[in-house]
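Coordinate inspection notes
Below, each chain spelled out in residue letters.
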Amino acid sequence: MIPRPGFKATVALALLAAFLLPFAASCRRPGKPKSSVTAKPAAVEYLSYMKGTHIGGPVTGEPWITHVRAVDLDKDGRMDVVAVEGKDSRILWLRQTAPGVFEEKTIAADMRAPVRAEPVDIDGDGDLDLVIASMGYIFPNNDKIGSIFILENDGRQNFKPHLIVENIMRVTDVQAADLNGDGKIDLAVAQFGYDQGEVQWFERTGPWTFTQRKLLDLSGAINICVADFDRNSTPDLVVLISQQWEEVYLFSNDGRGNFTKKLIYGSTNEDFGSSNLTVCDLNKDGRMDVLFSCGDGFGPVGVPGPRPWHGVQWLENRGANNFSFHRVGDLGGAYCPMPVDLDQDGAMDVVAVSNFNDWTNPKSASLMWYRNDGKMNFEPRILANTPTHLLMVDVADFDGSGKPQLVTGAFHGYPPYDRRSRLMFWKRNTP
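By convention here, each chain's residues receive numbers from 1 onward along its written sequence. Whole-chain, interface and lining totals are the exception, using all residues; otherwise, since this is a predicted model, local features are given only for residues with pLDDT of at least 70 and side-chain atom pairs are given and counted only at 80 or more. The side-chain quantities take in all heavy atoms of the structure and omit both hydrogens and water.

1. Remarks on the overall build of the chain
Counting secondary structure elements, the chain contains one helix and 29 strands. In the chain, which comprises 431 residues, the proportion classed as buried is 60%. Working rule for contacts: check all heavy atoms of both residues, and any pair within 4.5 Å makes them a contact. By sequence separation, contacts in the chain at least 24 residues apart represent 51% of the contacts at least 6 residues apart. With an accessible surface of roughly 15900 Å², the chain has 50% of that area assigned to carbon and sulfur atoms. Only runs of H or I of at least four residues qualify as helices and only runs of E of at least two qualify as strands under DSSP, and these elements are numbered from the N terminus. Burial classes: relative accessible area under 20% of the type maximum marks a residue as buried, over 50% as exposed, and values in between as partly exposed (1.4 Å probe, protein chains only). A 1.4 Å probe and the Shrake-Rupley method give the accessible areas. Residues count as covered only by the protein chains that appear here.

2. Description of the sheet that holds strand E24 (residues 349-354)
One open sheet accounts for five strands, arranged E1-E26-E25-E24-E23; its pairing is mixed. Only two strands of the sheet have a single neighbouring strand rather than two, namely strand E1 (44-45) and strand E23 (334-340). Only strands that DSSP links by at least two bridges are regarded as paired with each other. With six bridges joining them, strand E25 (residues 367-372) and strand E26 (residues 378-384) adopt antiparallel strand pairing. Bridging from a neighbouring strand, asparagine 372 pairs with phenylalanine 378 of E26.

3. Things to note about the packing of aromatic side chains
Centres within 6.5 Å make a pair out of two Phe, Tyr or Trp rings, where for Trp the six-membered ring is used; the pair is then stacked when the planes are under 30 degrees apart, edge-to-face when over 60, and tilted otherwise. Scanning the model with the defined rule gives 15 aromatic pairs in all. Both rings, one in tyrosine 46 and one in tyrosine 49, keep their centres 6.2 Å apart while their planes meet at 75 degrees; by these two values the pair is edge-to-face. The residue whose ring lies beneath arginine 381 is tryptophan 369, and the NZ or CZ to ring-centre distance is 4.9 Å. In our convention, an over-ring charge means Lys NZ or Arg CZ found within 6 Å of a ring centre and within 35 degrees of that ring's normal.

4. Details of the sheet that holds strand E29 (residues 423-428)
What the four strands build is an open sheet, ordered E2-E29-E28-E27; its pairing is antiparallel. In this open sheet, the two edge strands, each paired with only one partner strand, are strand E2 (50-54) and strand E27 (390-396). Adjacent strand axes in the sheet meet at a mean angle of 25 degrees, parallel and antiparallel pairs treated alike. Judged from the six bridges that link them, E27 and strand E28 (residues 405-410) form a sheet pairing that is antiparallel. Residue pairing in the sheet places valine 393 in a bridge with threonine 408 of E28. Between N-to-C directions, angles cover 0 to 180 degrees, with each direction set by a line fitted to C-alpha atoms, over the stretch in contact for helices.

5. Quick look at the pairing of E29
Along E29, five of the six residues are buried, which leaves the element largely enclosed by surrounding structure. Pairing analysis gives five bridges linking E2 to E29, with the strands arranged antiparallel. Residue pairing in the sheet places glycine 52 in a bridge with tryptophan 426 of E29.

6. Quick word on the side chain of asparagine 357
Its location among the elements puts asparagine 357 in the loop between E24 and E25. For asparagine 357, a relative accessible area of 10% translates into the label buried. Pairing of N or O atoms within 3.5 Å defines a polar contact, subject to two protein rules: one partner must be a possible hydrogen donor and the other a possible acceptor, and residues neighboring in sequence count only if both atoms are side-chain atoms. Looking at asparagine 357, its side chain comes within polar contact range of the main-chain oxygen of alanine 365, at 2.9 Å.

7. Description of the pairing of E24
By the criterion of burial, E24 is predominantly enclosed, with six of the six residues buried. The two faces of E24 match: Asp349, Val351 and Val353 on one face and Val350, Ala352 and Ser354 on the other face are all buried. In this sheet, E25 lies alongside E24 in antiparallel orientation, the contact comprising four bridges. What sits directly across from valine 351, in E25, is tryptophan 369.

8. Topic: the nonpolar core
In terms of nonpolar packing, the biggest core is built from 44 residues, with Leu94, Leu342, Val351, Leu367, Phe398 and Leu406 touching the most fellow members. Broken down by element, this core gets its largest block of residues, six residues, from E27. For this analysis, a nonpolar core means a set of buried residues of the types Ala, Val, Leu, Ile, Met, Phe, Trp, Tyr and Cys, connected via side-chain atoms within 4.5 Å. One finds Cys225, Phe229, Leu277 and Phe323 within the second-largest nonpolar core, a separate group that totals 19 residues.

9. Section: the environment of alanine 190
Mapped onto the elements of the fold, alanine 190 is located in strand E12 (residues 186-191). Judged by relative accessible area, alanine 190 falls into the buried class, the value being 0%. On a C-alpha basis, the gap between alanine 190 and valine 174 in space is 6.4 Å, while along the polypeptide they are 16 residues apart.

10. Let's talk about the pattern of salt bridges
Throughout this description, the term salt bridge denotes a Lys or Arg side-chain nitrogen within 4 Å of a carboxyl oxygen of Asp or Glu. Taken as a whole, this structure holds 21 salt bridges when the rule is applied. The salt bridge partner of lysine 214 is glutamate 198, with a shortest N-O separation of 3.0 Å. Placement of lysine 214 in strand E14 (residues 209-216) and of glutamate 198 in strand E13 (residues 198-206) is noted, with a sequence separation of 16 residues between them. A relative accessible area of 11% places glutamate 198 in the buried class. Notably, a salt bridge pairs aspartate 285 with arginine 287, separated by 3.4 Å at the nearest N-O pair. On the accessibility criterion, aspartate 285 (28% relative accessible area) is partly exposed. It is possible to trace a salt-bridge network through shared partners that takes in Arg69, Arg116, Glu118, Asp173 and Asp394.

11. So, the environment of tryptophan 93
Checked against the element boundaries, tryptophan 93 lands in strand E5 (residues 90-98). It is 6.0 Å that separates the C-alpha atoms of tryptophan 93 and valine 81, two residues lying 12 residues apart in sequence. Ignoring any residue separated from it by four or fewer positions in sequence, one finds tryptophan 93 in contact with Leu73, Asp74, Asp80, Val81, Glu103, Glu104, Lys105, Ile107 and Gln157. At 3.4 Å, the side chain of tryptophan 93 forms a polar contact with the side chain of aspartate 80.

12. Looking at unusual backbone geometry
Omega for the peptide link from threonine 386 to proline 387 comes to 0 degrees, which places this bond in the cis form. Along the chain, proline 387 turns up in the loop between E26 and E27. With omega at 5 degrees, the peptide bond leading from proline 415 into proline 416 counts as cis. When you line up the elements, proline 416 lands in the loop between E28 and E29.

13. Topic: the state of the cysteines
Put plainly, two cysteines are in a disulfide when a covalent bond ties their sulfur atoms together. The definition used for a disulfide is geometric: two cysteine sulfur atoms within 2.5 Å. Inspection of every chain in the model, using the stated rule, returns zero disulfides. No disulfide involves cysteine 225; its nearest neighbouring cysteine sulfur is the one of cysteine 280, lying 9.9 Å away.

Below, the structure is given as structure tokens:
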């Protein structure tokens, strides 16, 4: 996060900017492929298609939900929700006790400004532990204050925290996988930092000990994902970098933890606003693709808000580590695109949320569905325009019906605050 000359942020916006992936610097990197973002048809309203219900604790103040994950944490056959509260530094478990009924419990506190919680059986004892990425401080800061925790599950959903590492650049994402083929679960780590950051993988050396291996020395790492992109049966990594870089990197793994770096996307737009990344086989050709959004709404002046180029795009895996850029659709303030066949027609759709839309306009979309016509053409459909300031969404079959439902988390970091939520469960209103 390197401000433009003359930029004077208010204190409130500076606090929010640290986590919500702030505006880029006034510099461009030469030689980067130009972003081919083009406008898509206007969205149509499908406001009655899905119904949202508040779940968990009451909506008080301005909630800062920084992550949600659908997971059957206690393995009782019902899908639950794990959520991260960045302001209160808590990890929450919303246990589904009956269809659509969730009971909230704090399973860890004092997590040092956590922003991610990923379930994995890291100790191989048959239950799900949680890997926590902690920024250390939500405010803008270049100090080494990041941490990684692992919450060890005793099998009865009581969690013992293990501090894996501290005093590193602020951590925004951690994913777990065996990256060197030794049978031990390692960690892939994105460190946003501030004007310094890193991408690393942590090699497992003991039950709760790891050795750090640097992959990239750049600020602004937002997300890191694990998938086999070249179909050689080894886990590769893909990383989204914001700040002045606005790039996507692929790290191809030889199976022994040796990675080859390749830039697979870069925008020349200094305000592109990279916000989230995930992986999926979007076109169902057997190759893993990359789905990512640009929606950071901070600019050099004025109130945070949407930009004309904000939206969702995907990088089609063409094989041999080559990718083609495609625009999915427009969405001001876009965050957290997720693949889902929402209408169950056999084609993979995309849903996304908005945190930085124009909330003075009651018709601005907060939850969007991009319906795939089966030929990789996406029709934008607005599912909701209230509540506002949605930051995270996840998808799962929560009731065993075989139909996908959604859970969203809201981050209310700037006004207006008149349409607030915290955590919401969404299901189809139609058969």
